[in-house]
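Fold and contact review
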Amino acid sequence: MVPFLLLLVAWGAAGLSCARLCLAGARAARRPAGAADGRGRQLTLYEAAFLAGGPGRVADLALVSMHLRRRLLLAHTGWATVVDPEGRDDVERTVIRAIGPEGQSPIAPVRASAAAADAVRAVADRLVAAGLALPRGADVASAVRAVRGAALLVAALGAAALLVPGAGDAAPMPVWFAVPLALTLGCLAIARVEAHPYGAWASPDGQRLLAACAVPGDGATGDTLVTVAVRGVEAVDDPALRAALTGRPGVRRRLGTRE
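So, here is what we can say about the structure in this document. Each chain carries its own residue numbering, running from 1 in the direction its sequence is written. Local features in this predicted model are restricted to residues whose pLDDT is 70 or higher, and side-chain atom pairs enter the listing and the counts only when it is 80 or higher, whereas totals over whole chains, interfaces and linings include all residues. Side-chain numbers come from the whole structure's heavy atoms, not from hydrogens or water.

1. Quick notes on the overall build of the chain
Strands here mean DSSP runs of E at least two residues long; helices mean DSSP runs of H or I at least four residues long; both are numbered from the N terminus. If you tally the helices and strands in the chain, you get eleven helices and three strands. Tracing the chain from N to C terminus, the helices and strands come up as α-α-α-β-β-α-β-α-α-α-α-α-α-α. For the chain, with 259 residues in total, the buried portion stands at 41%. Restricting the contact set of the chain to residue pairs at least 6 apart, pairs at least 24 apart contribute 70%. Accessible areas in this description were obtained via Shrake-Rupley with a 1.4 Å probe; residue shielding takes into account the shown protein chains only. For the chain, the accessible surface area stands at approximately 13500 Å², while carbon and sulfur atoms represent 60% of it. Exposure is judged per residue with a 1.4 Å probe applied to protein chains only, and the accessible area is read against the type maximum: over 50% gives exposed, under 20% gives buried, and values in between give partly exposed. The criterion used for residue contact is that any of the two residues' heavy atoms lie within 4.5 Å.

Right, dumping it as structure tokens:
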């Protein structure tokens, strides 16, 4: 009885994960009706940030931009303080509203609130309409990870089933587990051919445009913002800025001050 329960779990994991991958791949390949050709288009910083890292990256970019331009103060302790309450665009105004009327708030909830705001969704909708971002439910990258996990689970369950006393006498047992394993590995192989590189946010057209780095920059500040948009806060040279946005301790000064 135990081997058959393990087999049932293996088939369930393989079937559900492969179905999810197929649906995600179909949605990713479906071009929105009336979508414009994005080739040759220059991305804005917010658009590049969304394609590279999703809504959270857009919020990070807004926070860093406001800090570098002295409209917001980010501390390595993880707090944000408003210096200039006038945002230059909808995303910055969303960040200011998320900080609240007291003008000071922990960075983590501000980032989460800004990432879920209408201003960031508008960036996403614009990119989806242009065929540069994946529509909701088309995250091929996470679907591929789910199939990989299912393949490992099927292999582990198959090994466990063979260790159950008496299960080795059932000749078809390895074959029963080999079928869902072959299903998951086959789906991974097809996804590798049809959908690689796997994008969590950008469509194939969006990935090609992002790889061309068609993002404007203006001096040191602009270069830092491009780095945040395309590569994330982990790639920023300033350790204090990384500490403020990642919540990692070890930096003993406030951002914007010299030791």
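Next comes the rest of the write-up.
2. Digging into the pattern of salt bridges
A pairing counts as a salt bridge when a side-chain nitrogen of Lys or Arg comes within 4 Å of a carboxyl oxygen of Asp or Glu. Here the structure, examined in full by the defined rule, presents seven salt bridges. The salt bridge involving arginine 111 is made with aspartate 60; its shortest N-O contact spans 2.7 Å. Of this pair, arginine 111 sits in helix α5 (residues 107-115) while aspartate 60 sits in helix α3 (residues 55-68), placing them 51 residues apart in sequence. Using a relative accessible area of 5% as the deciding quantity, one classes aspartate 60 as buried. Here the residues in one salt-bridge network are Arg71, Arg88 and Glu92, joined through shared partners.

3. Quick notes on the sheet that holds strand β1 (residues 72-74)
Pairing within the open sheet is antiparallel, and its three strands lie in the order β1-β2-β3. Because the sheet does not close on itself, it has two edges, and the strands there are β1 and β3 (104-106). The average angle at which neighbouring strand axes cross in this sheet is 20°, direction not considered. For β1 and strand β2 (residues 79-82), the ladder comprises three bridges, and the chain directions are antiparallel. Note on β2: the bridge partner recorded for leucine 74 is alanine 80. Here a strand pair is declared whenever DSSP counts at least two bridges between the two strands. Comment: axis = line fitted to C-alpha atoms, over the contacting stretch for helices; angle = value between 0 and 180 degrees taken between N-to-C directions.

What is shown is where atoms sit, not what they do.
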